[in-house]
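# Tertiary structure, described
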Amino acid sequence: MTTSLVAVDIGGTHARFALAEIGADGAVSLGDPVTLHTKDHASFQTAWEDFAGMQGGTLPPAVAIAIAGPVGGEVIRFTNNPWVIRPALIPEKLGADRYTVINDFGAVGHAVACADAEHFVHLAGPDEPLPASGTISIVGPGTGLGVAHIWRDGSGDYRVQATEGGHIDYAPLDTIEDAILARLRMRYRRVSAERVVSGPGLVDIYEALAQMEGRAIQPVDDKTLWQRGTNGEDSLAAAAVDRFCLSLGSFAGDIALAQGASGVVIAGGLGLRIKETLLRSGFANRFIAKGRFEALMAALPVRLITHPQPGLFGAAAAFAKEHLS
């Protein structure tokens, strides 16, 4: 028996929708995604109705929603868009009698647990599949820094735990990173890893490097810096990108140690966009540079998930686990 549903992935700027089907074996199949701008819709319900119109006016009576933010409580509010979702009203407002609401990085955890091997590429450590048992740490740099882990029991079952691990303290490892921390500390009382290991963090890295070299700091946004730093157009931006990759490697290694990981996955849109840069960078060396535990770290497979829509796929997988297992 096949179950049909709508998968939704809502962030501050975009809401992505797709029809999905879950087979009798639990396998998830996604239709073509549709991306809507949150600023163009007064509410989630009007965006839902817009998507329904694109699908001929009728949608399946089941929905899985991944949300960029906390999902507990009777009212879900977004940090970067004015929408409000009341889960208890989903059956009435959307006509969905079954629903799953999950944190967006929790959804990524389900995607890691359920995606086929073809959706992963090797980054560091042994070039082998992720272990079928134990803990898999997941780190996702993007607008923020997501952290989660999954635990596999070896027989196919798993559990997902989303965390706020991106907000642990930033830990510099050399004088350049000391300078980055010093610059950020002028602005923030406490500097978390997310201030550096995220898309917007590249601006602060770049400005700290410019300050070290006595250069005038020219205002520039992070998207421009990523482009300049990865296409060879700007050597200082390239140095900033490389420093980001080093810091990501260190942070991912710290998370793996803290979670007792048997494997690690890098997720997030940013990680996928800079895949080739990561492979050429010092990411792998920084990941294993944990003193007495270097041999342990070197034995961990580190992979990058390349699924084009992990939020939508993972939301549907979470629905399957909650309602169909």
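Look above for the structure.
Residues numbered from 1 in each chain as written. Predicted model: local features only at pLDDT ≥ 70, side-chain atom pairs only at ≥ 80, totals over all residues. Heavy atoms only, no water.

## Notes on the sheet that holds strand β12 (residues 158-163)
Taken in spatial order, the 6 strands make up an open sheet running β9-β14-β13-β10-β11-β12, and their pairing is mixed. Each edge of the sheet is formed by a strand with only one pairing partner; in this case those strands are β9 (120-124) and β12. When strand polarity is set aside, the average angle formed by the axes of neighbouring strands in this sheet is 25°. Here 4 bridges tie β9 to strand β14 (residues 302-305), and the two strands are oriented antiparallel to one another. (Pairing = 2+ DSSP bridges. Helix = DSSP H or I, 4+ residues; strand = E, 2+ residues; numbered from the N terminus. Axes fitted to C-alpha atoms, helices over the stretch in contact; angles between N-to-C directions.)

## Side note on a nonpolar patch on the surface
Judged by side-chain polarity, Leu-257, Phe-293 and Leu-296 come together as a nonpolar surface patch covering roughly 260 Å² of accessible area. The residue Leu-296 is located in helix α11 (residues 294-298) in this model. Here Leu-296 falls in the partly exposed class, since its relative accessible area comes to 45%. (Patch = residues over 30% accessible without salt bridge, like charges linked within 9 Å, V, L, I, M, F, W, Y side chains within 5 Å. Areas by Shrake-Rupley, 256 points an atom, 1.4 Å probe, with all protein chains shown as cover. Salt bridge = Lys/Arg side-chain N within 4 Å of Asp/Glu carboxyl O. Buried < 20%, exposed > 50% of the residue type's maximum accessible area, 1.4 Å probe, protein only.)

## Regarding the environment of His-323
The residue His-323 is located in helix α12 (residues 310-324) in this model. The sequence separation of His-323 and Thr-100 amounts to 223 residues, and the corresponding C-alpha distance is 8.5 Å. Not counting chain neighbours up to four residues away, the residues in contact with His-323 comprise Arg-98, Tyr-99 and Thr-100. In terms of polar contacts, His-323 uses its side chain to reach the side chain of Thr-100, at 3.3 Å. (Contact = heavy atoms within 4.5 Å. Polar contact = N/O pair within 3.5 Å; in protein donor to acceptor, adjacent residues only side chain to side chain.)

## Some remarks on the packing of helix α6 (residues 222-230) against helix α7 (residues 235-259)
In the contact formed by α6 and α7, the axes pass within 7 Å of each other and the chain directions differ by 100°. By the angle class used here, α6 and α7 are roughly perpendicular. Counting all contacts with α6, which are made through Leu-225, Trp-226, Arg-228, Gly-229 and Thr-230, the residues of α7 involved are Ala-237, Ala-238, Val-241 and Phe-244. Its residues placed into classes, the contact of α6 with α7 shows 6 nonpolar, 2 polar and 1 charged. (Parallel < 35°, antiparallel > 145°, perpendicular 65-115°, else oblique. Nonpolar A, V, L, I, M, F, W, Y, C, P; charged D, E, K, R; others polar.)

## Details of the nonpolar core
By size, the foremost hydrophobic cluster in this structure holds 46 residues, and its most contacted members are Val-139, Phe-244, Leu-248, Ile-266, Phe-283, Phe-287 and Val-302. By residue number, the principal contributor to this core is α7, which donates 11 residues. Of all hydrophobic cores here, the second largest spans 35 residues; its members include Leu-5, Ala-111, Ala-267 and Leu-312. (Core = buried A, V, L, I, M, F, W, Y, C linked by side-chain atoms within 4.5 Å.)

## Notes on the pairing of β12
Pairing geometry for strand β11 (residues 145-153) and β12, over 6 bridges, is antiparallel. Its bridge partner lying in β12, Ala-148 is registered against Ala-162. Turn length for the β11-β12 hairpin, with the two strands adjacent in sequence and antiparallel, is 4 residues, and the turn residue Gly-154 shows positive phi of about 90°.

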